[in-house]
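In case you want the letters, here they are:
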Amino acid sequence: MSVTHDARVQVHRPAATAPRPAVRGWPEFNNPAAWIVAIILLIMPAIANGFFLIEIFATTLILGTIALSLMFLAGYGGMVSLMQLTIAGFAAYMVAVFGTSDNANISLGWPWWLAVPMALALATAFGTLGGALAVRTEGIYTIMITLAIGAAFYYFTNQNWAIFNGHTGINNVATPHFWGVNWRWDIPFYYVVLAVAALCYFAVDYISRAPFGLALQGVRDNPRRMAALGFNVNAHRVAAYAIASFIAGLAGVLQVWNYRQISPGSVSVGACIDILIIAIVGGITRPIGPYIGALVFVLLRTFALDFLVKIGLDGNRFRLLIGLGFLAIVFWSSDGVIGLWQRWRASQRRETNRPGGGRGHG
Amino acid sequence: MDSVAQRLSVVGAGAALELRGVTRMFGALAALTDVTITVRPGERRAVLGSNGAGKTTLFNCITGDFPPSSGTIRFFGEDVTHFPPYERIRRGLRRTYQISALFPGLTVQDNVYLACRGVSRGRFSLLRPSQNDALMHAADNLVQAVHLSAVKNQRVSELAHGQQRQLEIALALAGAPRFVLFDEPAAGLSPAERLELIEILTSLPAHIGYIIIEHDMDVALRVVESVTMMHNGRIFKEGLPQEIQSDPEVQELYLGGGHG
């Protein structure tokens with residue numbers, strides 16, 4: 001193989017002292033599209049009305065963050081967990097239980113700055129425990145175990161009245177007021193959601209290049225070899241569940257503040273699977289994918305109804321559209337919308353490069 | 001009565017690797033039967049034998065990929081029989097795989113960096129390595145040692161077979177290896193690449209011992225000082241390379257015919 005010998009010849013060039021590639025930095029900083037998206041997101045309250053701000057964009061960011069926690073596990077760790085929405089829902093319930101709501105028999109009335117850390121800690125513990133069960137399995141069995149945890153939690157919340165208040169759930173959950181601001185007003189709440197989503201997005205992107213994230217990708221590619229390099233593979237997987245659970249928990253807190261209520265309907269098995277669909281449609285290989293998937297999902301859910309009624313179909317068939325979209329994505333782009341976009345960009349570049357001669361790029 | 005135990009512990013402390021009566025069953029099939037091997041620190045040994053002789057199973061038992069059904073394994077005097085693989089690796093044991101076991105989604109540099117990180121602290125670190133991270137430099141040096149500097153930022157899935165075999169070796173040399181198990185490192189290499197492999201093996205520091213499984217006698221006998229022949233899961237013969245090569249029984253079993 002001549003390639004090897006080429007490589008050997010080049011050893012004597014000062015390759016070792018060459019500057020490190022941008023891979024280890026923040027690639028998005030050089031990307032004008034990323035800046036445009038960031039600016040649009042920041043000035044959104046000046047453009048969009050309350051409905052768009054909350055029902056479309058805040059909801060997208062919340063669902064996207066839950067799907068991001070799945071992307072972290074599945075994209076980097078190779079573990080498809082269907083319980084990420086359940087963990088978010090658990091955090092949401094805990095905010096309602098420890099904080100203040102209509103139901104004084106259940107809610108303990110703690111201030112939000114105590115109830116939220118408590119909810120996050122319990123949700124992280126819950127997800128980590130579930131993960132510790134799931135990492136003993138691989139592939140389809142991980143999906144089954146996490147789905148079973150999600151289904152069990154759904155039926156438990158339906159039947160337990162002492163803590164979860166059965167099928168009615170917990171209503172009128174208090175949202176934070178401080179510094180003279182009601183943080184559930186549309187504009188402050190939008191910025192809270194945006195800040196949390198951005199924090200989670202950048203954290204996942206950063207960790208993917210840190211030793212832990214690299215090792216997680218190693219575990220995804222070849223767990224047996226990772227053990228033969230000195231890594232405790234299961235400990236790494238459980239730690240990944242802990243991080244993903246914390247992210248899902250954060251999104252769950254935002255979700256209960258968004259709707260000011262939580263009930264079993266929000267943690268149903270269907271909703272668990274929606275998170276998987278969001279992550280796959282958007283693209284499960286990069287952290288931006290889940291947010292794109294969530295935007296597609298929320299837009300379809302909100303507007304497909306009118307569209308379907310207009311063409312004489314039942315409005316509730318919006319899932320049909322989502323399902324068709326899902327099938328199309330799975331058939332033609334295993335890395336989701338983000339993959340379609342990248343391939344389109346690559347083909348555009350090839351077109352413009354063609355007259356100048358074939359400059360190969362990977 | 002004490003003397004036996006004492007003698008054993010002395011032998012154990014002096015050996016890099018000591019297997020006593022190691023047996024591995026797969027259901028009713030005995031892949032290894034009563035294998036007893038002692039290898040000195042720094043010793044370089046070949047394990048030869050036909051397909052199904054139990055060579056790779058032997059490696060899997062030593063690294064803990066499969067635990068032995070019975071018998072004990074000592075590594076530098078310490079009983080590691082029931083240790084998980086990663087604990088053995090952290091003590092200085094390394095191995096390569098017959099079929100390259102790499103991380104195709106990561107770059108060459110990241111593959112080697114992971115190997116360096118696996119045998120040091122900070123495996124769970126959430127902080128990215130800095131520009132002058134010591135392990136990053138260690139990874140750079142290893143990449144250079146196996147002649148892969150030119151492709152270090154390429155994904156492993158894009159590498160040629162020969163380059164993947166070289167990376168396979170680099171992963172096994174990360175950190176401070178004390179003993180390495182090479183499972184057919186020359187598999188699928190061109191004659192020129194074999195020479196490169198021999199150069200890498202013979203230039204390893206003298207304190208690093210290894211066992212190499214190799215079908216190619218020309219490679220195997222040039223890089224070892226002792227040979228173990230296996231047959232049907234048992235040790236069949238042990239000796240110096242010349243002895244094994246000239247042994248009539250061995251010649252009849254393995255070397256007759258094809259060997260020039």
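All values derive from a computational prediction rather than experimental measurement.

1. What about the sheet that holds strand S1 (residues 17-26) of chain B?
Residues and elements named next belong to chain B.
- Strand order in the open sheet formed by four strands is S2-S1-S4-S5, and the pairing between neighbours is antiparallel. In this open sheet, the two strands that pair with only one neighbour each are strand S2 (29-39) and strand S5 (78-79).
- Sheet analysis places strand S4 (residues 70-75) next to S5, joined by two bridges and oriented antiparallel. By the bridge assignment for S5, arginine 74 is matched with aspartate 79.
- The strands touched by helix H2 (residues 55-63) within the sheet are S1, S2 and S4, with S2 carrying the most contacts at an inclination of about 65 degrees.

2. Let's talk about the interface of chain B and chain A
- The interface of chain B with chain A comprises 44 residues on the first partner and 34 residues on the second.
- Elements with a contribution of two residues or more to the side of chain B that touches chain A: helix H3 (85-90), helix H4 (108-118), helix H5 (134-145) and helix H6 (161-172) of chain B.
- When residues of the side of chain B that touches chain A are assigned to their parent elements, the largest contribution, six residues, is made by H4 of chain B.
- Across the side of chain B that touches chain A, the residue classes break down as 21 nonpolar, 14 polar and nine charged.

3. A word on the sheet that holds strand S9 (residues 226-231) of chain B
Residues and elements named next belong to chain B.
- Here six strands make up an open sheet; going across it, the order is S6-S7-S8-S3-S9-S10 and the pairing mixed. Since the sheet does not close on itself, it has two edges, and those belong to strand S6 (93-95) and strand S10 (234-239), each with one partner. On average, each strand axis in the sheet is inclined to that of its neighbour by 20 degrees, with strand direction left out of account.
- Relative to S10, S9 is paired through five bridges, and the arrangement is antiparallel. Bridge pairing in S10 links methionine 229 to lysine 237.
- Across the sheet, H2 is in contact with strand S3 (44-48), S6, strand S7 (179-183), strand S8 (209-213) and S9; its angle to S7 comes to roughly 150 degrees.

4. A look at the confidence of the model for chain B
Residues and elements named next belong to chain B.
- Of all residues in chain B, 92% attain a pLDDT of 70 or more, and the chain-wide mean is 85.
- Element-level pLDDT for chain B is lowest in helix H1 (residues 2-14), with a mean of 47, against a maximum mean of 93 in S7.
- Note that pLDDT drops below 50 for residues 1-12; the model gives that stretch five contacts with residues more than four away or on any other chain.
- With pTM at 0.82, the complex prediction returns an ipTM value of 0.83.

5. Considering helix H7 (residues 186-207) of chain A
All names here are of chain A.
- End to end, H7 covers 31 Å across 22 residues, agreeing with the expected 32 Å (1.5 Å per residue, within 8%).
- Of all the positions in H7, only Phe189, Tyr190, Val193, Ala197, Cys200, Tyr201, Val204 and Ile207 are classed as buried. All buried residues of H7 lie within an arc of 150 degrees about the axis, which places them on one face of the element.
- Contact partners of the buried residues in H7: helix H2 (32-47), helix H3 (50-77), helix H8 (211-221) and helix H10 (233-259).

Reading the values: rules and limits
- Residues numbered from 1 in each chain as written.
- Chains lettered and ligands numbered in written order.
- Predicted model: local features only at pLDDT ≥ 70, side-chain atom pairs only at ≥ 80, totals over all residues.
- Pairing = 2+ DSSP bridges.
- Helix = DSSP H or I, 4+ residues; strand = E, 2+ residues; numbered from the N terminus.
- Contact = placed C-beta atoms within 7 Å.
- Axes fitted to C-alpha atoms, helices over the stretch in contact; angles between N-to-C directions.
- Nonpolar A, V, L, I, M, F, W, Y, C, P; charged D, E, K, R; others polar.
- pLDDT = per-residue confidence, 0-100.
- Expected span 1.5 Å × (residues − 1).
- Buried ≥ 20, exposed ≤ 12 C-beta atoms within 10 Å, placed from the backbone.
- Arc of directions from axis to C-beta.

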